[in-house]
Amino acid sequence: MSKGSFTLSNKEAHHSSDKSIQDETIENGWTFRFLLIMFTAYLIIPGIGYTVSSLNAPTDLIKEFMNETKFQRDSEWMSTDEVDSLFGLLVAVVGLGSAAGSLIASILADKFGRKLSIILASVTGLIGVLMMALCKVGSSYEMLFVGRTLTGFTLAWGLSLAPAYLVEMALPSMRGSVALMNQLFQSFSFFVAQVMGYTELLGNEHYWCYLLGFPVIFFGLQIILLPFCPESPRYLLMNKNDTEGATRALQIIRNRKNVEKDIAMLHQELKESATDAEVSVIKLFKSPLLRRPLVIAIVMGLQQNWCGMNAILFFSTQLFKSAGLDDRNARYATSGTGLTFFLCNVFAIFLLTRFGRKTLFQMGTIGMAVCSAVIALTMLYQDEVNALRYVNIVVSLLVIVCYSLGPICVFWVMLSELFPNSARGTGFSIAILCAMLGFFSHCYIFPILLSNLKSYTFFVFCGIDIAMAIFIHFYVPETKNKSFAEIAKSWATSADLDKTLANMNQDIAVDIEKKSEPSLQENVNECL
């Protein structure tokens, strides 16, 4: 993960001096070999995306299996509430694995390299889905929990390592597009999981275990193919000081022998990163200047999972059955949510270039609040007006539209813009940790809420979304096309900003003086 100092003007000077190098190499960025590497590295994404959403279609079958297993052991059936609670925990436990995995993802990447770490993540995912697929053979629903927890680690590692691996070998102008492909792979995998969950395919009593084990294909292919791909040139040069290895890797990626200019760009990044010092978690909480971005990141991370979207995406089959659809039509309606999610993610890429981050986030959140209220009302009166059952489906799709075009596409982009380079890694880690904890709490609590509150559950999401829209309006700044200093001026005066940045730069200089050679300290002094 790249780091940087708070003195942005010097970096802008470095970037402008290297602009000619970037211009000369850009034409050879999207090579066929790079596309193959990108496809191979991102095979882990549909594997984890599919696994996260694959419990939706066979919900009743899994509940029945858990209850029957309990009866075979103890000659005693579980109550409906106990089964619902146990299934909610099964869905949610992947969030705990992800939260734990996110804490060590960067350690793995630095110790073992990007490529090997991704392979280790795929091996972990492979073991996890195999355990879930063999749960009936082992007559153990505990295997489902262990498997889901392991795939939670894979989720955190895959989302952190695969995009970083590709971004590090991409040209600067390509990095945004490469990173956004991550979201497209995720959304497409949700749709695939929902289609494979049709009763006519794998979503039946005979094959539902194979449905859970289907991601073996993605993980297995990556384990076989990724060893033939090169390591990240940036990692080889900056972490291993292996110029020869970085050169060979770039020659494969760029599909040409002459990569001197690309190596020069990496050396420039190395020179800039020599004066970087990562802001710690403690400093992030203590700094008045960074406290607001941190609060925004935490609230956004939690809201991602409590806005009503996960209720639609992961529990839609159960939800549509509650709305009166039979099992078959409920699964067809569920696949519509996955397709809508994928198509809207494609369209969101174009919206991000035309509208402000704050505007998209706020409008999407308001749209979800309105839709959640409508869903609650349609579920409340559907027995009196039969047509409201189908209105419910349409509005559920609109929730996904609002989420895809607003909160989810803005969340990752805004995180990178809210923090300066030196605080970005720590800020990302905290935001992802909060998002995963929010995922766990939502997936565990939602089935209980739906069982007890019925349609009124969506009034809870409506209230959360309204509160979030107000929070965005008064507390979240616009970040599009702005430097951190420009963004920070929305809550700090120029004098306070200059004073705080100067103090933090002094702390960074002290940290580097303790860890680095004297020549590095001279570079810091120039920046200060």
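Student: Please explain the overall build of the protein chain as it appears in this structure.
Tutor: On a plain count of helices and strands, the protein chain comes out with 26 helices and zero strands. Going through the 528 residues of the protein chain one by one, you find that 56% of them count as buried. In the protein chain, once contacts between residues fewer than 6 apart in sequence are set aside, the share between residues at least 24 apart is 81%. If you sum the accessible surface of the protein chain, you get close to 22,300 Å²; carbon and sulfur atoms cover 63% of it.

Student: Is there a simple way to think about the packing of helix α19 (residues 357-381) against helix α23 (residues 457-475) in this case?
Tutor: Angle between the axes and distance between the axes: these two values describe a pair of packed helices. For the pair α19 and α23, the least separation of the axes is 8 Å and the interaxial angle reads 160°. In terms of orientation, α19 lies roughly antiparallel with respect to α23. For the crossing formed where α19 meets α23, the hand is left-handed. Here the residues of the contact of α19 with α23 are counted per class, giving 17 nonpolar, four polar and two charged.

Student: I'm lost on the pattern of salt bridges in this one. Help?
Tutor: Opposite charge on two side chains makes pairing possible when the charged atoms of those side chains draw close. Under the criterion given, the structure shown has eight salt bridges. One salt-bridge network, held together by shared partners, links Asp110, Arg114 and Glu168.

Student: Please clarify how the environment of tyrosine 444 should be interpreted in this entry.
Tutor: Examined against the element boundaries, tyrosine 444 turns out to sit in helix α22 (residues 421-453). Residues tyrosine 444 and glycine 88, spaced 356 residues apart in sequence, show a C-alpha to C-alpha distance of 4.3 Å. Once residues lying within four places of it in the same chain are set aside, the contact partners of tyrosine 444 are Ser85, Gly88, Leu89 and Ala92.

Student: Where do I start with helix α3 (residues 32-41) in this structure?
Tutor: What sets the pattern is the α-helix's 3.6 residues per turn: residues three or four places apart point alike. All of the buried residues in α3 are Phe34, Ile37, Met38, Thr40 and Ala41. Along the long axis of α3, the arc covered by the buried residues comes to 165°, so they all point the same way.

Student: Would you explain the side chain of threonine 59 in this entry?
Tutor: With respect to the helices and strands, threonine 59 occurs in helix α5 (residues 59-74). Threonine 59 sits in the buried class, given a relative accessible area of 5%. At 3.0 Å, the side chain of threonine 59 and the backbone oxygen of leucine 55 are in polar contact.

Student: What is the right way to read a nonpolar patch on the surface from this model?
Tutor: A cluster of nonpolar residues, Leu377, Leu380, Tyr381, Leu453, Tyr456, Phe459 and Val460, forms a patch on the protein surface that exposes about 570 Å² of accessible area. Residue assignment for the nonpolar patch shows that the elements contributing at least two residues are α19 and α23. The biggest single contributor to the nonpolar patch is α19, with three residues. As for its placement among the helices and strands, tyrosine 381 is situated in helix α19.

Student: How should I be thinking about the packing of aromatic side chains in this particular structure?
Tutor: The description of an aromatic ring pair uses the distance of the two centres, along with the angle that the planes make with each other. Taken as a whole, this structure holds 18 aromatic pairs when the rule is applied. With a centroid separation of 6.4 Å and an interplanar angle of 85°, the aromatic rings of phenylalanine 446 and phenylalanine 458 are classed as edge-to-face. On the criterion of sequence distance, the pair formed by phenylalanine 446 in helix α22 and phenylalanine 458 in helix α23 is long-range, its members being 12 residues apart. Exposure remark for phenylalanine 458: the relative accessible area of 1% places this residue in the buried category. The ring of tyrosine 141 has arginine 73 lying over it, and the distance from NZ or CZ to the ring centre is 5.1 Å. In this structure, lysine 111 is placed above the aromatic ring of phenylalanine 112, and the distance from its NZ or CZ to the ring centre is 5.9 Å.

Criteria and thresholds
Residues numbered from 1 in each chain as written. Predicted model: local features only at pLDDT ≥ 70, side-chain atom pairs only at ≥ 80, totals over all residues. Heavy atoms only, no water. Helix = DSSP H or I, 4+ residues; strand = E, 2+ residues; numbered from the N terminus. Buried < 20%, exposed > 50% of the residue type's maximum accessible area, 1.4 Å probe, protein only. Contact = heavy atoms within 4.5 Å. Areas by Shrake-Rupley, 256 points an atom, 1.4 Å probe, with all protein chains shown as cover. Axes fitted to C-alpha atoms, helices over the stretch in contact; angles between N-to-C directions. Parallel < 35°, antiparallel > 145°, perpendicular 65-115°, else oblique. Left-handed = near helix turned anticlockwise from the far one by under 90°. Nonpolar A, V, L, I, M, F, W, Y, C, P; charged D, E, K, R; others polar. Salt bridge = Lys/Arg side-chain N within 4 Å of Asp/Glu carboxyl O. Arc of directions from axis to C-beta. Polar contact = N/O pair within 3.5 Å; in protein donor to acceptor, adjacent residues only side chain to side chain. Patch = residues over 30% accessible without salt bridge, like charges linked within 9 Å, V, L, I, M, F, W, Y side chains within 5 Å. Phe/Tyr/Trp six-rings, centres within 6.5 Å; stacked < 30°, edge-to-face > 60°. Lys NZ or Arg CZ within 6 Å of the ring centre and 35° of its normal.

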